Each structure stands twice: as C-alpha cells, then as structure tokens.
Amino acid sequence: MRISQLAERSGVPATTLRFYEGAGLLPADRTPAGYRVYGEDAVERLAFIGAAKHLGLPLEEIGELLGVWEAGACRDVKADLRPRIAARLAGAESRAAELAAFTASLRTALHHLDALPDRASPCDSGCGLLAPPTPPMAGTGAVDVVFASSPHSARAEAERWRTAPVACSLSGEGLGERTGRWREALDGAVRTAMPEGLRLTLPVERTGRIAELAAAEQQCCPFFDFRLHLDGPHLHLEVRAPAEGAGLLGELFGPAA
C-alpha cells in the first residue's frame, strides 16, 4: 500500500503516518522512486497504536510496548501493559478526587453566597462574598470538604444543621429515587458509629458521586451535616443529624457495624 491507501484503510491521516515513521513506531519500505509502501500488518499495527494512545500511553512507552507486541507472545504484552495501565489509573483517580473536592468546594461557596443577605451598602470585609472554604493544611495528604451554609459566622455555618427543621422537601417518587441513588453509591461502605451520626468509608473514586448527592441532599434535608475527608485511596463520609433526625439518618445511610 502507498501512504494514501494506508491512510484511507486505517483512518489515520498521512501526516500522522509520517510522524509515526519519524518516531520509530511505523516502519515503511521504499520503492526505487522513494515512495513509502506498507504491508497489511501496518493496519493492525496502527490499530494497536491507536488503542494504546486511547489508554493515555505516551509515544515513548508505545514504542516500548510495540517491541514486546512484535515478539508475538500475548502474555508478554499483557504483563508489560498491566503496570502501565495501573499507573495511569492511580493518577486518574488522584486527579478525579482533587477535582471532586474542588467541585464540592465551589458548590459550598455557591450555597454560602446564596444564603448571604442582599446588602445595599458597599462591599467590605463583612460581606463574606468570597470567603473560601477552609483549605487543607499543607503536607497532610488529605482534604476535608464540609457541606453547610449560613449568612453568619463560620461556627454558625458548621452548626446550622442542629437548628434546621427535621423535615425533607422530597416525597413520593423523588424520595425513592434519591434513596436508591444513595444505596447504590454507598454499596459496600464500611459503617462506623460516631457521636450524633455515622462514618462511612468508601473507595476514593466514588468521591464525585458522593459529593453531588450530599450537596443535593442538604438542599432538601438541611438537618443533615456532611463532611467528606479524602485520605489517599479512601473517602470517609461523616453524616450527622439532630436527635430528632436519627431515625431518618439510619433509614437513608444504614446502621453502623
């Protein structure tokens, strides 16, 4: 095949094929006139390169992997590929946890902003419009996200759930749908009793779902207090409620072990 034919067969542009050749990923023979020619194996090779790129492997690693692939032993390719994918998965989960924590922080800031009174006077330090959530201490290797809102002090923010009415604005189908989402997200969680509530430990990759559910839950049930603690591979979700809401807390989040 000429380069134009290979580009048509593989769906890879000719410019990319030339780049792959320069990077040592796609060797080509030459005609006496100097035109590139490829065998049928080039199509399969390009499919392999495309799959490796889809997994986020850089070209340098793809070149190393191609050397193993060319040897023809599938088990060797599997053994070489697994640690590469595992490393990228760990990195992706770490970035996902950081993004989920940042998303939750923005959601908390938005709730705080919505709860502030509309003042007619000029902005000053008392407005608290840009008061950020408390950041984690440097070097702790963990992140805490608190879901609470109030137009008053930070301490009042943290205690708002104690005085909120124990009532949920959801009912019927909406309540059933929310309960189902919580049960799915908390499947397999390790539950531990704590003062006024429950601590649930989950894999950190569920942080996004849990943060979204917690923010939505506080909108309809403000008597719940949610705290998310990201700790390496683990997410610790702490849920508290006033004594009057203990029954609802148990129904929604399950009993402690």
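Values in this document were obtained by computation on a predicted structure and should not be read as measured data.

A. Spotlight on the pairing of strand S5 (residues 197-203). With five bridges connecting them, strand S4 (residues 190-194) and S5 associate as antiparallel partners. Residue pairing in the sheet places Val190 in a bridge with Thr201 of S5. In this antiparallel pair of consecutive strands, S4 and S5, the connection spans two residues, and Glu196 shows a positive phi of 70°. Where S5 meets strand S7 (residues 234-240), seven bridges bridge the pair, whose relative direction is antiparallel.

B. Representation of the side chain of Arg206. Inspection of the secondary structure puts Arg206 in the loop between S5 and helix H8 (207-220). The buried charged residue Arg206 lacks any salt bridge partner; its closest oppositely charged side chain belongs to Asp187, at an N-O distance of 5.2 Å. For Arg206, the side chain forms a polar contact with the main-chain oxygen of Ala185, separated by 2.7 Å. A distance of 2.7 Å separates the side chain of Arg206 from the backbone oxygen of Asp187, its partner in a polar contact. When near neighbours in sequence (up to four residues on either side) are disregarded, Arg206 contacts Glu184, Ala185, Leu186, Asp187 and Leu235.

C. Spatial organisation of the nonpolar core. With 30 residues, the main nonpolar core has Trp182, Ile210, Phe224, Leu237 and Phe253 as its most contacted residues. Of all elements in the fold, only helix H5 (74-115), helix H7 (172-185), S5, H8, strand S6 (225-231), S7 and helix H9 (246-253) reach the threshold of two or more residues within this core. Among the elements that make up this core, the one with the highest residue count is H8 (five residues). Not counting residues within four places of it along the chain, the set of residues in contact with Phe253 comprises Trp182, Leu186, Arg191, Leu198, Leu200, Phe224, Phe226 and Val239. Core analysis: the next-biggest nonpolar cluster, separate from the first, contains 21 residues, Ile3, Leu25, Leu26 and Val77 among them.

D. Up close: the pattern of salt bridges. As enumerated under the stated definition, the model contains 15 salt bridges in all. Note that Glu238 is salt-bridged to Arg199, the shortest N-O span being 2.7 Å. Of this pair, Glu238 sits in strand S7 while Arg199 sits in strand S5, and the two are 39 residues apart along the sequence. We classify Glu238 as buried; its relative accessible area is 16%. Connected via shared salt-bridge partners are Glu61, Glu64, Asp80, Arg84 and Arg88.

The rules behind the values
- Residues numbered from 1 in each chain as written.
- Predicted model: local features only at pLDDT ≥ 70, side-chain atom pairs only at ≥ 80, totals over all residues.
- Heavy atoms only, no water.
- Pairing = 2+ DSSP bridges.
- Helix = DSSP H or I, 4+ residues; strand = E, 2+ residues; numbered from the N terminus.
- Buried < 20%, exposed > 50% of the residue type's maximum accessible area, 1.4 Å probe, protein only.
- Lys, Arg positive; Asp, Glu negative; His and termini not counted.
- Salt bridge = Lys/Arg side-chain N within 4 Å of Asp/Glu carboxyl O.
- Polar contact = N/O pair within 3.5 Å; in protein donor to acceptor, adjacent residues only side chain to side chain.
- Contact = heavy atoms within 4.5 Å.
- Core = buried A, V, L, I, M, F, W, Y, C linked by side-chain atoms within 4.5 Å.

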